[in-house]
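The residues making up each chain are set out below.
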Amino acid sequence: MGSDSKGQLSRVPVEERLATYALVIYIPDPLGRFLDDLRRELVPGCNPHAHVSVLPPRSLGADWRAASQQVQAFTAGRRPFPVELGEVGIFPETNVIYIELRSGEDELSAMHDALNGNALMFEEPFAYHPHVTLAQGIPPGEVAAVHELAERRWKEFAGERAFRADRAAFVQNTVGNCWIDLANFALGAVG
């Protein structure tokens, strides 16, 4: 998922916005910057912004503002929590290369389950599995080599592999597959 994390919503014409939304927790730098650089190495030309999805991409049964209000009401009562990244894996159904979570999975799953209803309800094609995507859409013959490179680069990373999940962003996709921030929510913030 690429992103315009600067919240430049007004610069994206309405006709270029798709009816696809997600709720994500961005990974702060320097870990986020490393993951973005790694993703660009694995998938040249992508526009990444390292994150963990709370609600994977979906269409909405209501206006995004109603969905946003649902997120705001929920996140105001949630406390920030630590997330630690683990090993590199591959989802066999899709050949998506990702980083598994070592901690934070229970909290993210609880958020997903609580929010996947009302204005945000969506029948997802796969069971929710919190992770950090590194590469997708890879030609089948290249998956093993890309996975090996991802593992090698991840082992070379000497920085902190954990971060504090304290904010969520409600995002929308565009025709150029650039995700824009619609609203940001601090976990534990009073509405």
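Structure: above.
We now turn to the structure provided with this report.

Quick word on the nonpolar core
Turning to step 1, where the next piece is worked out: Counting residues in hydrophobic clusters, the biggest one holds 50 residues, and the most contacted among them are Leu 35, Leu 85, Leu 134, Phe 163 and Phe 170.
Turning to step 2, where the next piece is worked out: Take this core: its biggest share by element is five residues, from helix H4 (residues 143–156).
Turning to step 3, where the next piece is worked out: Contact partners of Leu 134, with chain neighbours within four places excluded, come to Leu 35, Leu 38, Arg 39, Leu 42, Val 43, Val 88, Ile 97, Tyr 98, Ile 99 and Ala 150.

Some remarks on the sheet that holds strand E6 (residues 131–135)
Turning to step 1, where the next piece is worked out: Strand order in this open sheet of four strands is E6-E5-E4-E7, and the pairing throughout is antiparallel. Looking at strand neighbours, the two that pair on one side only are E6 and strand E7 (162–165), the edges of this open sheet. The mean angle between the axes of side-by-side strands here comes to 40°, regardless of whether they run parallel or antiparallel.
Turning to step 2, where the next piece is worked out: Packed onto the sheet, helix H1 (residues 31–42) meets strand E4 (81–91), strand E5 (96–103), E6 and E7 and runs at close to 35° relative to E6.

Observations concerning the pairing of E5
As a general feature of sheets, a regular strand has side chains that alternate between the two faces.
Turning to step 1, where the next piece is worked out: As judged from the six bridges shared by E4 and E5, these two strands associate in the antiparallel manner. What sits directly across from Glu 84, in E5, is Ser 103.
Turning to step 2, where the next piece is worked out: What sits between the antiparallel neighbours E4 and E5 is a turn of four residues, in which Asn 95 has the positive phi angle 60°.
Turning to step 3, where the next piece is worked out: Direction of pairing for E5 relative to E6: antiparallel, over a ladder of four bridges. By the bridge assignment, Glu 100 is partnered in E6 with His 131.

Focus: the pattern of salt bridges
Turning to step 1, where the next piece is worked out: Considering all chains together, one arrives at ten salt bridges under this definition.
Turning to step 2, where the next piece is worked out: Linking Arg 58 and Glu 124 is a salt bridge whose minimum nitrogen-to-oxygen distance equals 2.6 Å. Of this pair, Arg 58 sits in strand E3 (residues 51–58) while Glu 124 sits in the loop between helix H3 (105–115) and E6, and the two are 66 residues apart along the sequence. Each of the two residues, Arg 58 as well as Glu 124, counts as buried.
Turning to step 3, where the next piece is worked out: Here Glu 148 ties to Arg 152 by a salt bridge, and the two come within 3.8 Å at their closest N and O atoms. Here Glu 148 pairs with Arg 152, and both are found in helix H4, just four residues apart, close to one helical turn.
Turning to step 4, where the next piece is worked out: One network of salt bridges, with partners in common, ties together Glu 41, Arg 153 and Glu 156.

A closer look at the packing of helix H2 (residues 64–75) against H3
Turning to step 1, where the next piece is worked out: Between H2 and H3, the shortest axis-to-axis distance is 11 Å and the interhelical angle comes to 135°. Here H3 runs oblique to H2, going by the angle between their axes. Along this stretch, H2 crosses H3, giving a crossing that reads as right-handed. Of the residues in H3, those in contact with Gln 70, Val 71 and Phe 74 of H2 are Met 111, Ala 114 and Leu 115.
Turning to step 2, where the next piece is worked out: Each residue belonging to the contact of H2 with H3 can be placed in one class, and the counts come to five nonpolar, one polar and no charged.

Parameters at a glance
Residues numbered from 1 in each chain as written. Predicted model: local features only at pLDDT ≥ 70, side-chain atom pairs only at ≥ 80, totals over all residues. Heavy atoms only, no water. Core = buried A, V, L, I, M, F, W, Y, C linked by side-chain atoms within 4.5 Å. Buried < 20%, exposed > 50% of the residue type's maximum accessible area, 1.4 Å probe, protein only. Helix = DSSP H or I, 4+ residues; strand = E, 2+ residues; numbered from the N terminus. Contact = heavy atoms within 4.5 Å. Pairing = 2+ DSSP bridges. Axes fitted to C-alpha atoms, helices over the stretch in contact; angles between N-to-C directions. Salt bridge = Lys/Arg side-chain N within 4 Å of Asp/Glu carboxyl O. Parallel < 35°, antiparallel > 145°, perpendicular 65-115°, else oblique. Left-handed = near helix turned anticlockwise from the far one by under 90°. Nonpolar A, V, L, I, M, F, W, Y, C, P; charged D, E, K, R; others polar.

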